[in-house]
Amino acid sequence: MPPNNQKLQDIIEQLCTTGCDRVNEVIEILERQESIKETSELNEQECTIVLLELKAIMAVYEQE
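Quick look at the structure, then.

1. Observations concerning the nonpolar core
In summary, soluble globular proteins display a tendency toward joint burial of nonpolar side chains. In terms of nonpolar packing, the biggest core is built from 17 residues, with Leu15, Val26, Ile27, Leu30, Leu42, Val50 and Leu54 touching the most fellow members. Contributions of two or more residues to this core are made by helix 1 (6-16), helix 2 (20-31) and helix 3 (44-63). The contact partners of Leu54, leaving out residues within four places of it in the chain, are Ile12, Leu15, Cys16, Val23, Val26, Ile27 and Leu30.

2. Overview of helix 2
With twelve residues, helix 2 ought to run about 16 Å at 1.5 Å a step, and its terminal C-alpha atoms sit 16 Å apart, in line with that. Residues Val23, Val26, Ile27, Ile29 and Leu30 constitute the buried set of helix 2. Projected onto a plane normal to the axis of helix 2, the buried residues spread over an arc of 165° and lie on a single side. Looking at the packing, one finds that the buried side of helix 2 touches helix 1 and helix 3. Where helix 2 ends, the next residue or the one after it, Gln33, has phi of about 60°, a positive value.

3. Details of the pattern of salt bridges
For the structure shown, the criterion picks out four salt bridges. A salt bridge links Glu31 to Lys55; its shortest N-O distance comes to 2.7 Å. Here Glu31, found in helix 2, pairs with Lys55, found in helix 3; they are 24 residues apart in sequence, far enough to count as distant. For Glu31, a relative accessible area of 44% gives the class partly exposed. In this structure Lys55 comes out as partly exposed when scored by relative accessible area, which is 36%. Here Glu34 and Arg32 are joined by a salt bridge, their closest N and O atoms 3.2 Å apart. We classify Glu34 as partly exposed; its relative accessible area is 40%.

4. Observations concerning the layout of surface pockets
A volume near 190 Å³ is recorded for the largest pocket. If you trace the largest pocket, you find it lined by Leu30, Glu31, Gln33, Glu34, Ser35, Thr39, Glu44, Cys47, Thr48 and Leu51. Those elements that place two or more of their residues in the lining of the largest pocket are helix 2 and helix 3. No other element matches the four residues that helix 3 contributes to the lining of the largest pocket. Residues that form the lining of the largest pocket fall into these classes: three nonpolar, four polar and three charged.

The rules we used
- Numbering of residues starts from 1 in every chain and runs along the sequence as written.
- Local features are withheld for residues below a pLDDT of 70 in this predicted model, meaning they are given only at 70 or higher, and side-chain atom pairs are given and counted only at 80 or more; totals for whole chains, interfaces and linings count all residues.
- Hydrogen atoms and water are omitted, and side-chain values are computed over all heavy atoms in the structure.
- The nonpolar core is taken to be a set of buried Ala, Val, Leu, Ile, Met, Phe, Trp, Tyr and Cys residues, with the residues joined through side-chain atoms within 4.5 Å.
- The buried label applies to any residue whose accessible area, calculated with a 1.4 Å probe on protein chains only, is under 20% of its type's maximum; exposed applies above 50%, and partly exposed to all values in between.
- Here a strand is any run of E in DSSP of at least two residues, a helix any run of H or I of at least four, and the numbering for each starts at the N terminus.
- Any two residues having at least one pair of non-hydrogen atoms within 4.5 Å are treated as being in contact.
- To estimate how far a helix should extend, the number of its residues minus one is multiplied by 1.5 Å.
- Arc, as used here, means the arc of the directions from the helix axis to the C-beta atoms.
- Definition used for salt bridges: Asp or Glu carboxyl oxygen within 4 Å of a side-chain nitrogen of Lys or Arg.
- We place a 1 Å grid over just the protein atoms. Points where a 1.4 Å probe fits but has no way out form a cavity, open points with protein on both sides within 12 Å along at least 5 of 7 lines form a pocket, and any residue with an atom within 4 Å of a point lines it.
- Grid points are joined across faces, edges and corners, and a volume is the space filled by probe spheres set on the points.
- Amino acid classes used here: Ala, Val, Leu, Ile, Met, Phe, Trp, Tyr, Cys and Pro are nonpolar; Asp, Glu, Lys and Arg are charged; the rest, including Gly, are polar.

Now the structure itself:
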């Protein structure tokens, strides 16, 4: 993720506070190229960045 993109970082952090089940739901939604409230104002590239970051975060939990 671009290190200077505080907007995306804030969205990712906010989503992570909702718990693993919700983050997995959001991943599925973003994979279908649909939007949720938190990502509704993002462009396609920004949504892709959020999706990839969420997947990377969840991959850590799946390894445990």
